[in-house]
Amino acid sequence: MPAYALEIIVFSLGLVLLLVDAFAKLEDKRSLAWLGMLGLVVVFGLLFKVEPRAADDANVFWRFYSDSRMSLFFKGIAILSTILVLAMAIDYRGLIEKFTAPAEKKAHPQAGLGEFFALPVFACAGLMCMASATNLVSIFVSLEAVTITFYVMVAYMRRNVGSLEAGVKYLILGALSTGFLVYGFAWLYGITGSMDLAEIGAALKSGDVSPTAALFAFSLILVALGFKVGAVPFQMWIPDVYQGAPTPITAFLSVGSKAAGFIVLLRLSAVFLGSEAVAGQVAMAFAVVAGLTLIVGNLTAIPQSNFKRLLAYSSIAHAGFLLTALAAAPRKLEAGQLSSATVVAFYLGAYLLMTLLAFLVVGLVRVHRDSEEIEAYRGLGKSSPFLALALLIAMASLAGVPLTAGFFGKFFVFQLAIQGGHWWLVTLAAIGAGAGFYYYLKVVAAMYWDDPTGAAAKAAAIPVSALTRAAVVTLIVLIVIAGFAPRMILGLIG
Amino acid sequence: MTLVEFIVFAPLLAVLAILFGSPARATAIVAAVANLAAAGLMTLRFPVEVESKGQVIFASSRNLLASPNLNLAFGLDGISLVLVILTVLVTLAAVWASPAEGRIKGNVKLYYSSSLLIASGALGAFCATDLFFFYAFHELALIPTFLMIGIFGSGENRKRTAWTITIFLGVGSLILLAGLIALLVETGGKSFAFADLYAVGDKIPADAQKNIYLILLIGFGILVSLFPFHSWAPPAYAQAPTPVAMLHAGVLKKFGLYGLIRVAMPLLPEGAAHWQTLLLVLLLGNILILGLVTIAQRRLDTLLGYSSVMHMGYVFLGIASGNTIGLHGAVLLMFAHGISIALLFALAGAVRERMGTLDMDELGGGLAKKAPALGLLFGFAAFASIGLPGFANFAAEVMVFFGSFQPILETKKLGALQWAGILSLWGVVISAVYMLRAYRKIFKGPLTDKDAKAGIADLTLTERAPALLLIVALMAVGFVPGLLLKYLTPTLEAIAMSLKG
Amino acid sequence: MQQEFIPVLIQIVIATGFAVATLIASVLLGKRAKRNQMKDSAYECGMLPIGEGQARFSVKFYLVAMLFVLFDIEVVFLYPWAVSFKRLAVDGGQLVVFFSALSFIVILFVAYLYALRKGALEWKD
């Protein structure tokens with residue numbers, strides 16, 4: 001089957017979920033989430049059955065859409081994160097119900113929950129399209145589809161001030177960055193005469209294009225995509241939006257949105273780095289942004305006492321590592337060397353596993369302990385050892401402790417940087433990783449060293465549903481296996 | 001599954017078993033004994049295997065990644081064998097010396113699993129023949145140490161100490177990682193296997209060698225508490241629970257020294273020669289400055305902590321000399337020091353349990369009258385640590401000193417290395433001073449504070465056994481050093497040759 | 001090419017300059033306003049102001065307006081499609097072109113059904 005059938009199926013799944021929610025008299029809307037998850041699992045299976053397009057297929061459609069291994073890998077990331085987000089949403093439903101419509105006005109006790117299960121599926125379809133987009137138009141359309149869906153999801157808990165504030169901030173800043181993106185695309189089209197990335201690349205390489213104009217277009221695009229992935233100095237929205245949004249959506253933003261932003265950034269930067277005239281300055285720009293992001297992301301995470309906010313700052317730090325991989329892209333790829341794109345893809349695959357594992361636990365603690373502060377995690381090692389162990393492994397992997405997937409991600413980034421001789425970036429990355437040891441282990445210390453305080457002291461163990469338990473165990477196993485055998489993920493990238 | 005893979009992964013399987021409910025102490029002891037048996041088997045078969053298979057025996061390699069070539073590869077040669085024997089002995093003693101399950105207030109599973117994880121990490125690091133896993137396995141010990149010191153440590157400062165050791169070791173490993181990756185890049189970046197690296201080794205340009213060697217020296221130095229990167233170690237060892245202190249000071253610290261011998265020196269000989277003077281100055285800092293600081297300690301645990309840091313100076317001296325006899329001494333000293341310091345920490349733990357404090361002024365004196373076995377064993381341990389002939393430490397230190405003087409035969413004058421050797425000899429005096437003073441203050445002399453010490457029981461059989469095990473090992477190697485030295489010779493001679501040339 | 005934009009630049013400078021200059025002039029030349037709370041409050045024919053200055057609107061206006069805009073744009077997109085249908089549908093491509101537009105309409109129809117069922121078009125509270 002052709003690759004685009006996957007998006008069609010996912011999108012139709014979303015529509016079906018909406019219709020079922022509107023027309024069927026469901027006792028328990030969790031069945032919508034289950035339906036969504038099952039559908040996505042089927043799509044994930046179909047991902048492996050995709051037939052690459054015939055070499056002589058000259059249909060114009062393939063200028064807008066790519067079905068390379070890399071695209072399929074990023075589609076897989078999108079689908080997996082959506083499945084896990086839906087699983088998290090099932091656990092989080094109590095808070096969604098509480099913070100949407102007021103109790104007297106509800107037609108159904110779970111009113112407002114159906115859409116919360118359907119929207120991630122639409123976002124997934126958009127992310128999958130972004131993974132395959134090779135034309136400025138399709139990049140923009142899919143990017144907007146994803147972003148607008150996220151505006152809605154972030155502000156979903158409309159009776160909760162934090163969620164509303166997060167939504168408004170995301171909307172305003174997102175709209176601003178979209179403006180920059182469109183302006184950049186307009187410039188790019190203006191100087192190269194085409195919207196197709198391949199043709200743009202050829203035009204930039206040929207040297208007919210004025211380098212100043214190309215750099216101007218690049219800087220505008222860098223601003224917009226830097227916003228999307230959380231690069232400094234465009235990262236100001238991340239802490240507030242991540243903290244205010246519902247936890248499953250924060251996880252989705254952190255993984256899915258970042259991955260999609262990076263695949264677009266990879267495609268666009270490949271175009272610019274292919275041109276001799278501007279490649280040097282483009283690499284320099286990436287290096288500066290990467291260095292700043294590493295410093296700011298890691299150092300600002302240190303004083304945080306709200307765990308969700310800490311994870312937000314840490315996601316900025318991870319964007320810094322990913323940008324380092326981009327900045328250190330080798331000019332000429334030798335045999336046996338991993339390309340910058342492969343390293344970024346691997347890092348994002350590992351990042352998916354460990355971030356979603358962490359957020360699974362964060363969501364459960366939020367629902368049952370009613371707090372996102374690190375204080376709420378005190379004594380979790382005694383009261384809920386399973387969750388504490390899961391969070392320990394997630395934090396170890398995020399910090400980059402060897403024999404976990406996260407270490408390999410950092411290792412490959414270090415290797416790329418050292419091969420390219422970018423010793424400043426290596427130093428900053430090492431400082432950042434060192435700072436990471438502190439702030440990731442802060443919650444581990446709270447869980448295992450301290451005894452619970454306040455209300456939590458008398459609380460029972462946090463109940464974990466079978467689905468969540470299965471998800472947690474699977475993620476732990478995958479993190480450890482990928483820590484030994486990176487081939488597991490690298491093989492998928494091709 | 002080869003014997004080596006078994007020995008590395010057995011503790012991890014034991015941890016999984018404990019996680020799923022098997023009794024913690026029993027499982028841990030079974031795993032440690034199984035490892036000891038496997039190590040014994042390997043030692044017996046060593047000469048036979050070397051005949052048939054060459055230097056690295058029980059080799060195994062499972063490919064995990066094609067490019068760059070990454071394999072889960074283990075193998076044993078002389079140096080690794082000696083360090084593996086050290087690790088299994090100390091692990092068994094550490095697990096044995098841990099308090100019984102009823103007496104641990106808190107998560108028993110965590111207590112025993114941590115020791116096993118640290119042991120597995122050390123074994124994996126010593127047996128790995130792949131640069132990546134050599135580094136990765138060592139890091140396995142980081143989080144268990146963090147948790148153990150924070151939860152079960154002694155002293156009010158334990159949480160801060162846990163942070164200090166974790167951040168220091170974390171940063172140290174990152175610096176080490178940068179150095180190792182730089183080394184990898186210089187050798188072509190295609191393969192992590194030691195064999196492949198050695199093949200390319202001497203082609204690294206001299207400038208790159210100097211830079212990379214410095215980074216590795218700092219990285220390994222932080223891990224081994226080389227002066228001035230030592231400040232994390234003494235409080236950490238003082239406040240850690242007994243098994244963690246035994247494993248860290250006894251085994252884990254040797255990783256950095258092993259790394260220098262295994263990785264840094266054969267591949268970066270010119271770098272090693274260039275920075276030798278710096279290393280000599282720093283190791284003298286360890287021996288003399290930290291030795292004097294040790295004398296000033298008022299508590300037994302911090303004294304042992306500083307003492308273990310001080311003795312690393314001798315091993316560095318052996319490594320710095322770069323000749324056969326010095327290197328033999330260095331490796332033998334790694335073994336001897338590991339066993340003796342583990343023994344000292346085990347006995348100190350026993351004292352702390354009985355008396356509640358390790359402050360030498362508060363302890364009073366005459367403890368040997370109430371607990372004669374404890375006193376006797378501590379005496380043995382103290383003398384071993386000083387370097388009394390008959391214990392392995394003496395044989396090792398003698399070889400280190402001879403190694404530092406050996407170049408005189410050619411150069412006919414006193415160079416930096418020789419001066420370092422001369423000054424290090426004073427370290428023996430210093431260690432005699434503090435060790436004997438501690439022994440006398442705590443154990444000997446008239447029995448003070450009779451009422452407080454009325455209920456003190458002597459070492460039980462369970463507590464004596466691990467101590468005896470370690471002492472027997474020390475004395476056996478002390479009287480017949482050839483027992484271990486014969487395994488070391490082929491590898492160390494090859495390294496010494498490559499350094500000369 | 002850059003020289004052609006100079007008149008634009010001059011225009012921008014003059015326009016901005018004029019606006020800024022008049023504002024500055026009025027500040028410098030005018031009298032200082034004597035303000036107090038009474039003078040600054042809203043004027044409601046002598047009555048004391050009650051309630052909020054900006055009344056809140058019911059969200060139903062917004063919902064209807066949003067839906068109108070969306071379906072209006074749908075129609076707008078159908079118009080150029082209809083006009084260029086003949087040119088697009090060459091050599092048996094009619095079905096593809098037709099079903100593309102049909103799927104677009106179906107998606108929005110599903111959205112319409114959903115909005116209808118969820119009460120977005122209900123006018124009463």
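Residues numbered from 1 in each chain as written. Chains lettered and ligands numbered in written order. Predicted model: local features only at pLDDT ≥ 70, side-chain atom pairs only at ≥ 80, totals over all residues.

1. A closer look at the overall build of chain B
As a reminder of what qualifies: Secondary structure elements are defined from DSSP: runs of H or I of at least 4 residues count as helices, runs of E of at least 2 residues count as strands, and each element is numbered from the N terminus. In this description the radius of gyration comes from C-alpha coordinates, and the expected globular size is given by 2.2 Å times residues to the power 0.38. The exposure scheme places C-beta atoms from the backbone and then counts, for each residue, the other C-beta atoms within 10 Å of its own, assigning buried at 20 or more, exposed at 12 or fewer, and partly exposed in between. By the criterion used throughout, residues are in contact when their C-beta atoms, derived from the backbone, lie within 7 Å.
Within chain B one finds 24 helices and 2 strands. By the compact-globule yardstick of 23 Å for 501 residues, chain B fits well, its C-alpha radius of gyration being 22 Å. Its C-alpha atoms put chain B at 70 × 60 × 45 Å along the principal axes. The buried share among the 501 residues of chain B stands at 60%. Across chain B, the fraction of contacts at a sequence separation of at least 24, relative to all contacts at a separation of at least 6, is 81%.

2. Side note on the overall build of chain A
Of the regular secondary structure elements, chain A holds 20 helices and 0 strands. Radius of gyration (C-alpha) of chain A: 22 Å, near the 23 Å computed for a compact globule of 494 residues. Expressed along its principal axes, the backbone C-alpha trace of chain A runs to roughly 70 × 55 × 40 Å. When burial is assessed residue by residue, chain A has 60% of its 494 residues classed as buried.

3. Brief notes about the interface of chain A and chain C
The condition is simple: Gly is put with the polar residues, along with every residue not named as nonpolar or charged; the nonpolar set is Ala, Val, Leu, Ile, Met, Phe, Trp, Tyr, Cys and Pro, and the charged set is Asp, Glu, Lys and Arg.
On the chain C side, the residues contacting the 5 residues of chain A number 6 residues. Its residues assigned to classes, the side of chain A that touches chain C shows 5 nonpolar, no polar and no charged.

4. So, the interface of chain A and chain B
Taken residue by residue, the interface counts 26 residues in chain A and 30 residues in chain B. Broken down by secondary-structure element, the contributors of at least two residues to the side of chain A that touches chain B are α16 (405–419), α17 (423–449) and α20 (487–493) of chain A. For the side of chain A that touches chain B, the element with the most residues is α17 of chain A, which contributes 10 residues. Per-class residue counts for the side of chain A that touches chain B are 19 nonpolar, 6 polar and 1 charged.

5. Regarding the nonpolar core
Where we set the bar: One nonpolar core equals one set of buried Ala, Val, Leu, Ile, Met, Phe, Trp, Tyr and Cys residues connected by C-beta atoms within 7 Å.
Core analysis: the biggest nonpolar cluster contains 407 residues, and L357 and M395 of chain A together with L347 of chain B have the highest contact counts within it. By residue number, the principal contributor to this core is helix α16 (residues 324–355) of chain B, which donates 21 residues. Those residues within four positions of M395 of chain A in sequence are excluded, and the remaining contacts are A358, Y440, L441, V443 and V444 of chain A.

6. A short note on unusual backbone geometry
Along the chain, V232 of chain A connects to P233 of chain A via a cis peptide bond; the corresponding omega equals 5°. Residue P228 of chain B is bonded to the preceding F227 of chain B through a cis peptide linkage, with omega at 0°. Take P228 of chain B: it is sitting in the loop between α9 (206–224) and α10 (233–239). Even without a glycine there, the phi angle at D370 of chain A is positive, about 60°. Mapped onto the elements, D370 of chain A comes out in the loop between α13 (340–369) and α14 (380–383). Of the residues examined, D370 of chain A has 12 C-beta atoms within 10 Å and is grouped as exposed. Despite not being glycine, L403 of chain A has its phi angle at roughly 70°, a positive value. Structurally, L403 of chain A is set in the loop between α15 (385–399) and α16.

7. What about the environment of A128 of chain B?
Residue and element names in this part refer to chain B. Tracing the sequence through the fold places A128 in the loop between α4 (108–127) and α5 (131–139). Overall, A128 belongs to the buried group, with 27 C-beta atoms counted inside 10 Å. Sequence separation between A128 and S61 is 67 residues, and the spatial gap between their C-alpha atoms is 9.8 Å. Those residues in contact with A128 that lie beyond four places of it in its chain are A73, F74, F133, F134 and F137.

8. Thoughts on the confidence of the model for chain B
Do not read the predicted coordinates in detail wherever pLDDT is low. Residue and element names in this part refer to chain B. This is how the line gets drawn: Scored from 0 to 100, pLDDT records how confident the predictor is in each individual residue.
Summary statistics for chain B give a mean pLDDT of 87 and a share of 97% for residues scoring 70 or more. Mean pLDDT across the elements of chain B ranges from a minimum in strand β1 (residues 57–65), with 76, to a maximum in helix α20 (residues 392–405), with 92. Taken over the whole predicted complex, pTM reads 0.89, whereas the ipTM for its chain interfaces reads 0.88.

9. Describing the packing of helix α15 (residues 300–321) of chain B against helix α22 (residues 416–443) of chain B
Residues and elements named next belong to chain B. This is how it is decided: Axis lines are fitted through C-alpha atoms, for helices just across the contact stretch, and the angle between N-to-C directions can take any value from 0 to 180 degrees. When describing relative orientation, an angle under 35 degrees is termed roughly parallel and one over 145 degrees roughly antiparallel, while 65 to 115 degrees is termed roughly perpendicular and anything else oblique. Note on convention: near helix rotated counterclockwise from far helix by under a right angle means a left-handed crossing. Clockwise means right-handed.
α22 packs onto α15 with a crossing angle of 160° between their chain directions and a minimal axis gap of 11 Å. In terms of their interaxial angle, α15 and α22 are classed as roughly antiparallel. In the packing of α15 onto α22, the handedness of the crossing is left-handed. Counted together, L300, L303, S307, M310, G313, Y314, L317, A320 and S321 of α15 and L417, A420, G421, S424, G427, S431, Y434, A438 and I442 of α22 form the full contact between these two elements. For the contact of α15 with α22, the per-class residue count stands at 11 nonpolar, 7 polar and no charged.

10. Comments concerning the packing of helix α3 (residues 69–99) of chain A against helix α19 (residues 466–484) of chain A
Any two packed helices are characterised by how steeply their axes cross, that is the angle between the axes, and by the distance between the axes. Residue and element names in this part refer to chain A. At a minimum axis separation of 10 Å, α3 and α19 run at an interaxial angle of 140°. With respect to α19, the axis of α3 lies oblique. Crossing geometry of α3 relative to α19 is assigned as left-handed. When α3 is examined against α19, the residues L84, A87, I90 and D91 are found in contact with a partner set consisting of L467, T468 and A471.

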